[in-house]
Amino acid sequence: MKVLKFGGTSVGSAKNINKVMAILSDMSANDKVIAVVSAIGGITDKLLAAAELAVNKDDSYKKAFKTIEDIHSNIIDALILNEHKTEVSKAVGTKLSRLEHLLDGLFLVNELSPKATDKLLSFGELLSSYIITEALKSKGLKANLKNSQELIVTDNTHTNASVNFKITNANIESHFKGDKNKITILPGFISKSLDGEITTLGRGGSDYTAAIVAAALEVEELQIWTDVSGMFTTNPKVVKQAFPIKRLSYQEAVELSHFGAKVLYPPTVQPVLDKNIPIIIKNTLAPEDEGTSITGESTNGTGLAVKGISNINEIALLTLQGNGMVGIPGFSKRLFETLAQEKINIVLITQASSEHSICIGISEKDAESARAVIDLTFENEISLHKIDPIIVENDLAIIAVVGDNMKNHQGISGKMFSSLGKNNVNIRAIAQGASERNISAVIAAKDVKKALNTLHERFFETRTRQLNLFITGVGNVGERLIEQIRQQQDYLKDNLKLNIRIIGLSNSRTMVFNDEGISLDSWKEQLANGVKAAPKDFLDTVKSFNLRNSVFMDITANKDISDLYQDYLRKNIAVIACNKIACSSNYENYKQLKRLSYKYNASFLFETNVGAGLPVIDTLSNLIASGDEIQSIKAVLSGSLNYVFNNFDDSKRFHDVVKQAQDEGYTEPDPRIDLSGVDVARKILILARESGTEMNLEDITNTSFLTKSNLESESVDHFYESLIADEGHFQELIASAKAKHCKLKYVAEFNDGKASVGLKEIPEGHPFYNLEGKDNIVMFYTQRYPEQPMIIIGAGAGADVTASGLFADIIRLGNV
Ligand code: ADP
Ligand code: ASP
Ligand code: MG
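Residues numbered from 1 in each chain as written. Chains lettered and ligands numbered in written order. Predicted model: local features only at pLDDT ≥ 70, side-chain atom pairs only at ≥ 80, totals over all residues. Heavy atoms only, no water.

A few points about the packing of helix α15 (residues 476-496) against helix α29 (residues 799-814)
1) Next: Contact geometry for α15 and α29: axes closest at 9 Å, N-to-C directions at 45°. For the element pair α15 / α29, the angle class is oblique. Here α15 runs over α29; the crossing is right-handed. Contacts from N476, V477, R480, L481, Q484, I485, Q488, L492 and L496 in α15 reach A799, D800, T802, A803, S804, L806, F807, I810 and I811 in α29.
2) Next: Its residues assigned to classes, the contact of α15 with α29 comprises 11 nonpolar, 5 polar and 2 charged. (Axes fitted to C-alpha atoms, helices over the stretch in contact; angles between N-to-C directions. Helix = DSSP H or I, 4+ residues; strand = E, 2+ residues; numbered from the N terminus. Parallel < 35°, antiparallel > 145°, perpendicular 65-115°, else oblique. Left-handed = near helix turned anticlockwise from the far one by under 90°. Contact = heavy atoms within 4.5 Å. Nonpolar A, V, L, I, M, F, W, Y, C, P; charged D, E, K, R; others polar.)

Here it is, written out as structure tokens:
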């Protein structure tokens, strides 16, 4: 004999009920089956919502009732043979009109007591069990309906009654003793008190009904048929990567369900555990899936240490503290007694070893009544200032990591708390049971999704790390970067175990977000159809997503955007900047960004600020980190100026060469920034700072090769006009160099704590002389490289190489 329980979704539509009937038909071919059914999915909530409207004198409760009526009659229409339809509709109609009367009554009396709630909610299971029994008959299967209220007897605690097992077990045994029916249908969740009042077993209680019956009859198996393929490593609705756990011990299942794994109502395990009956969790929508088997076998010594992670939302934390508590027994007893008298359930307890405070986690809905009764109990001590009035904190949640085998593994809590810490999830309280089967932590409700995903990644997906990118600026470079990510996504997953997703994109006009990852095949259209862009709104949206491993990428040259880096870092969001403004802004701001990056454990990377994709800053940091000291730096750092002077000769106009450089994307959007030397000055400034020198842009000697009128031009157009007017000046520069067999290079130097930039005539044989096209070169003279410098050379401008420099920063983050 087996007991099968079918949940709300399983009986939520005619299509699903057909699946249930197929399962029952198969199973009853060679076994006796008892099927416990929930109310049709969502009806319990709809009943409550209708009642709420009625007691609030809102007559739209009638509409809500009509919806409930329609749902049932649609199912009857689809599943009951024509010849029985009238009879079944009539019987259902009678029940529904009683429900309607009850709602009318609530509208009049204006109050919903726990007793009336039970009466109201019982309609859900009474209706579904009747309809399913009749549907089975229409299919030609013999099924007998038995009202569980005649079997399960409870106390009078309405909405969450306690079962009287002695009477209940006797009732169940005597009913099924001589029973010959192959299939019995029982409504779940509902029961009666000794004095005949309707009671219920608590929300989700159909699982419990099934367990009570299974235990009373000592059946061979209890099957819980639901809408997911077993108990998952964590809630699959919150963590996409969650997967079904094949085997669990009873204790593990208790812990996971007690701490929020809704798939199993917590009290369900106890009755079957006592009789050592296995529980199998199966998916009605995918019956071929293996599901989860829960048995008395402990997983000790084998398998993964952490089996699952669960969460309870809407938790309040109560803290009772005061000097008068230290060393004096009885405080906890009085606290717990007070809560027990109020029937307030305690979910978590921690006490500091100083005994100066006790912290308890309870359901948020009980918080205010708990405050009132506790303050009353300790009124005397509070007035004598021995203890403080109770402190109540709301908007919290509990997350719990569970596994029988955790006690044999060191460092689980270390891993748990360090990965939460790295992701800026603040922990308010911690509890670990002596069995070490469960470590739980109280966190802010807003962090639950992030925490579950972080812990799941840490304990179950150790091999893949997910990075969530938010990119601002999708011009030349941004577009190439997205294309490179699109091409490399699979390679990175397979080879570097990095899952890179772009969650947000913005240009100066629009922005778009998708927390599942923006499809990189159609990002342009999605962005074009996005909402109006604003840097601050982008920041707020990134913050509100609150995703782990979030990365903000600035691929603009915009100061307003770089002004927000501090806000990103403070939220533990890494910043990758292509934009040089922040790192070359005043020293205090640069230093502050470094400090915040350290404090909030959020990387701040800007490799592309110098030499585009060349590993200049990374090399420099590695030299410093390994104890080397920079003595001097000599470099050609402007790809654009190099391009300009490599292409300029007496056969061309200077103006045309600059224009061409801009058209090919080798200059900043405003070419004056390159030509004036400001861009190079910013770069040598960043290298000087990264070498450990406190320096500002004004400290750099910039000898410009431009004329006064070039430098004073008010706009880019004027600037170009002034280049034409001053063509003679540029021809003189090139003629002078040529006469000395030199080439013109724009050189940056850092020496002895001082930096300078300017155009230089470079003689043949010098390492700079043969620098091609838009190449950059950086020579580091250090303590370890005093004469033969460490040289980095290669293309220092261009969209593709800059994009790959940004990509390298992303990979660096993935390796953190
Ligand atoms: P039923 O109506 O069948 O009783 P429930 O809604 O009570 O179903 O329970 C199934 C739901 O539990 C799943 O759809 C899922 O959203 C939620 N759930 C939460 N945690 C877990 C978990 N660890 N494993 C599986 N499901 C979970
Ligand atoms: N129908 C009840 C509820 O929604 C019982 C159950 O589904 O198990 O809580
Ligand atoms: Mg359930």
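Examining the site of ligand 1
1) Next: Close to ligand 1 lie 16 residues, the nearest being T226, D227, F232, K237 and K262.
2) Next: Separating an oxygen atom of ligand 1 from a backbone N or O atom of G8 is a distance of 3.0 Å.
3) Next: Between F232 and ligand 1, the recorded distance is 2.8 Å, taken from a backbone N or O atom to a nitrogen atom.
4) Next: In isolation ligand 1 offers 570 Å² of accessible surface; the protein chains occlude 89% of this area.
5) Next: A per-class count over the shell around ligand 1 returns 6 nonpolar, 6 polar and 4 charged. (Near = heavy atom within 4 Å. Polar contact = N/O pair within 3.5 Å; in protein donor to acceptor, adjacent residues only side chain to side chain. Areas by Shrake-Rupley, 256 points an atom, 1.4 Å probe, with all protein chains shown as cover.)

Quick look at the packing of aromatic side chains
1) Next: For the structure on display, the rule yields 24 aromatic pairs.
2) Next: With 5.1 Å between their ring centres and 40° between their planes, F513 and F538 make a pair best called tilted. Linking F513 in strand β20 (residues 510-513) with F538 in helix α17 (residues 535-545), this pair joins segments that are 25 residues apart in sequence.
3) Next: Plain terms: the ring middles of F552 and Y568 are 3.9 Å apart, the flat faces sit at 5° to each other, and that makes the pair stacked. With a gap of 16 residues between them, F552 in strand β22 (residues 550-554) and Y568 in helix α19 (residues 565-570) connect regions that are remote in the sequence.
4) Next: Assessed through its relative accessible area of 1%, F552 is described here as buried.
5) Next: Here Y568 falls in the buried class, since its relative accessible area comes to 1%.
6) Next: Taken together, the ring pairs in this structure connect F470, F513, F538, F545, F552, Y565, Y568, F604 and F606 into an aromatic cluster.
7) Next: Here the guanidinium or amino end of R689 rests over the ring plane of Y590, the centre of that ring lying 5.1 Å away. (Phe/Tyr/Trp six-rings, centres within 6.5 Å; stacked < 30°, edge-to-face > 60°. Buried < 20%, exposed > 50% of the residue type's maximum accessible area, 1.4 Å probe, protein only. Lys NZ or Arg CZ within 6 Å of the ring centre and 35° of its normal.)

Just distances and angles here, no functional claims.
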